[in-house]
Amino acid sequence: MSHTTVLLTSLALFTALLPSVTPGADKPDSPKKREPVKLTDEALAIHKEALVFDGHNDLPWQFREKAELSFTRLDITRDQKQQGLHTDIPRLRKGGVGAQFWAAYVPVETRKKGTTVRETLEQIDVIRRMVRAHPDTFELATTADDVVRVHKSGKIASLIGVEGGHSIDNSLAVLRMYHALGVRYMTLTHTETLDWADSATDEAKHHGLTKFGEEVVAEMNRLGMLVDVSHVSADTMRHALRVSRAPLIASHSSAYALAPHPRNVPDDVLKLVAKNGGVVMVNFYPGFLSPEGARISADAYGVARELKKKYPDEKDFQAALEAWRKEHPLPPVSVHTAVDHIEHVIKTAGIDHVGLGSDFDGINAVPRQLEDVSCFPNITQELLNRGYKKEEILKVLGGNILRVLRAAEEVSKAAKG
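Residues numbered from 1 in each chain as written. Predicted model: local features only at pLDDT ≥ 70, side-chain atom pairs only at ≥ 80, totals over all residues. Heavy atoms only, no water.

With respect to the pattern of salt bridges
With the rule as written, the count across this model stands at 31 salt bridges. We note a salt bridge from Arg91 to Asp372, for which the minimum N-O separation is 3.2 Å. Here Arg91 is found in helix H3 (residues 89-94), whereas its partner Asp372 is found in the loop between strand E9 (354-356) and helix H14 (376-385), with 281 residues between them in sequence. Like Asp372, Arg91 is buried. For Arg386, the salt bridge identified is with Glu382, shortest N-O distance 2.7 Å. (Salt bridge = Lys/Arg side-chain N within 4 Å of Asp/Glu carboxyl O. Helix = DSSP H or I, 4+ residues; strand = E, 2+ residues; numbered from the N terminus. Buried < 20%, exposed > 50% of the residue type's maximum accessible area, 1.4 Å probe, protein only.)

Quick word on the nonpolar core
Phe138, Met186, Leu188, Trp196, Ile342, Phe376 and Ile379 are the most contacted members of the largest nonpolar core, which has 80 residues in total. The contact partners of Ile342, leaving out residues within four places of it in the chain, are Val282, Val354, Leu356, Ile379, Leu383 and Val396. (Core = buried A, V, L, I, M, F, W, Y, C linked by side-chain atoms within 4.5 Å. Contact = heavy atoms within 4.5 Å.)

Here's the deal with unusual backbone geometry
Of note in this structure, Leu69 is not a glycine but carries a positive phi near 65°. If you trace the backbone, Leu69 turns up in the loop between helix H2 (59-67) and H3. Among the residues examined, Leu69 registers a relative accessible area of 21% and is labelled partly exposed. A positive phi angle is found at His207, which is not glycine, with a value near 60°. With respect to the secondary-structure elements, His207 resides in the loop between strand E5 (183-187) and helix H8 (211-223). You can call His207 exposed: its relative accessible area is 67%.

So, the environment of Glu214
Checked against the element boundaries, Glu214 lands in helix H8. For the pair formed by Glu214 and Val150, sequence separation is 64 residues and the distance between their alpha carbons is 34 Å. Once you skip the residues sitting within four places of it in the chain, Glu214 turns out to touch Leu209, His239 and Val243.

Things to note about helix H12 (residues 314-327)
End to end, H12 covers 20 Å across 14 residues, agreeing with the expected 20 Å (1.5 Å per residue, within 8%). Residues Phe317, Ala320, Leu321, Trp324 and Arg325 constitute the buried set of H12. With its buried residues spanning 140° around the axis, H12 presents them on a single face. Away from the buried face of H12 by more than 90 degrees, exposed residues Lys315, Lys326 and Glu327 are located. Where H12 is buried, its residues meet helix H11 (291-310). (Expected span 1.5 Å × (residues − 1). Arc of directions from axis to C-beta.)

Thoughts on the side chain of His341
Mapped onto the elements, His341 comes out in helix H13 (residues 335-349). Under the relative-accessibility criterion, His341 is labelled buried at 0%. Discounting chain neighbours no more than four positions away, the residues touching His341 are Ser254, Ala255, Leu258, Ala259, Val282, Phe288 and Leu289.

Here's the deal with the confidence of the model for the chain
With 92% of its residues at a pLDDT of 70 or more, the chain has an overall mean of 92. Within the model, pLDDT remains below 50 along residues 1-31, and this stretch shows 117 contacts once partners closer than five positions in the same chain are excluded. (pLDDT = per-residue confidence, 0-100.)

Regarding the packing of aromatic side chains
Applying the stated rule across the entire model yields ten aromatic pairs. Relative to Phe376, the ring of Phe284 lies with its centre 6.0 Å away and its plane at 55°, an arrangement referred to as tilted. In this pair, Phe284 sits in the loop between strand E8 (279-282) and H11 while Phe376 sits in helix H14, placing the two residues 92 residues apart along the sequence. Like Phe284, the residue Phe376 is buried in the burial classification. Ring geometry for Phe360 against Phe376: centres 6.0 Å apart, planes inclined by 75°, an arrangement best described as edge-to-face. One end of the pair, Phe360, is in the loop between E9 and H14; the other, Phe376, is in helix H14, and 16 residues separate them in sequence. Here Phe360 matches Phe376 in class, with each residue buried. Each residue in the set Phe53, Phe101 and Tyr185 is aromatic and connected to the rest through ring pairs, giving one cluster. (Phe/Tyr/Trp six-rings, centres within 6.5 Å; stacked < 30°, edge-to-face > 60°.)

Dropping the structure here:
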C-alpha cells in the first residue's frame with residue numbers, strides 16, 4: 001500500500017505487512033545498473049493504440065481504509081499522491097489505461113466475525129458507485145464486447161474481480177449472485193487455505209482442490225467467470241488447470257523461476273497455462289520480483305503471525321512490525337525487473353499467455369519507473385527496446401486478457417447450450 005501500514009488491521013492483505021523498498025541502486029537487476037527507460041514517439045504511438053488492460057488494482061479497498069467508503073473524502077478526480085495512492089483519474093489517463101479489473105477484496109479474518117459476504121458486497125458496491133460517480137471516465141463492463149466498446153468511446157472499461165474464495169462463504173449461490181452483480185473473476189484463495197482450496201501462503205490441507213473446489217471451478221466455467229489462480233498453491237494451480245474447461249488467469253502473479261516466492265507461478269505451471277490458453281498477469285510488487293525480495297517477503301508471513309500472537313494490542317503489533325520492516329528492507333527493483341518477468345513468461349509459455357497485473361494500491365512498495373498507474377508506457381518502451389514488435393506488445397498490454405475473457409464467455413454459452 002502506500003508508505004504507511006494502512007492494512008495492518010488484517011494479516012490477510014499481506015503485502016501491507018512487508019518491508020518497504022530501500023532507495024538506491026537497482027542492484028538485483030544485473031551486475032551493471034540498467035539505465036532508466038526513456039519514452040520515444042514510437043512507444044507512445046503503440047501505447048496509444050493499445051488496449052492497456054490491468055488485471056488487478058486495489059483502489060476500492062482504499063475507499064474503505066482511507067475514506068470509510070465515501071467518495072467525498074477521497075476525490076480521485078485529483079492527484080492523490082499525497083494520500084499515498086497509486087491510482088487516480090489524472091494518472092489513469094496519463095498511463096493510457098483502457099480497461100481495469102478492480103478488486104473487491106475483504107480480509108480473510110472477516111470469516112471470524114461472520115461479515116465476509118456483507119463486506120464483499122460493500123466492496124462490489126463501492127466499485128459500482130465509483131463507476132457511476134465518474135460517468136465521463138468509467139463504464140462498467142461485463143463482457144469482452146463491452147470492453148472493446150467502452151474503450152473505443154474513450155472511457156475506462158471497469159470490471160470487477162473478487163479477491164479470495166473466502167468471499168463466497170462456501171456457497172455456490174453466493175458465487176452466482178456475485179456474477180449477477182457483475183463480477184467476472186474470482187481468485188480461488190487469498191492468504192489462508194480454505195475448506196476447499198490450498199493457499200500459496202498457508203499450510204496445504206487438500207493437495208489442491210477438494211470436490212467442492214472442483215464444483216466451484218465448474219460453476220465459474222458455467223457462469224463465464226474467470227478462474228484466478230493468484231494466491232493459490234502450485235498444486236491448486238495444477239488442479240484448477242486440470243478441471244477447468246475455460247482458460248484461466250493469474251491476475252497478479254510473477255515468475256517463480258526469477259523470484260522463488262510461493263505467490264509466483266512455477267515454470268511447469270506456466271507451460272500448463274499455455275496449453276490451457278490462459279494468461280499470467282505479472283505483479284509489480286518488489287517482493288515478488290527479485291530473489292532477495294522474495295526471500296524477505298516470504299519470511300514476513302511467519303514474522304507477522306508470531307508478532308500478532310506476541311502483541312495482541314494493535315498499536316503494539318504495528319510498532320513491532322514496523323521495526324522489523326526497517327531491519328529487513330526489500331532490495332530495490334525497476335521497470336526492467338518487471339519486464340524480465342514478462343519476458344520469462346513469454347519465453348516459457350509464449351507471447352499469447354502474459355499480461356499486466358500491477359496490484360497497485362494493494363502493495364506498499366513499487367519498482368522505479370512503475371511508481372503508479374501513469375507509468376504503464378514505460379513497459380511499452382522497454383518491450384520495444386528488447387526487440388518486441390508492435391503486434392506482440394499489443395498482446396502483452398491487453399490483447400491476451402481480452403482473448404481469455406472472450407474464450408470464457410464461449411465456454412459459458414456452450415455450457416448453457
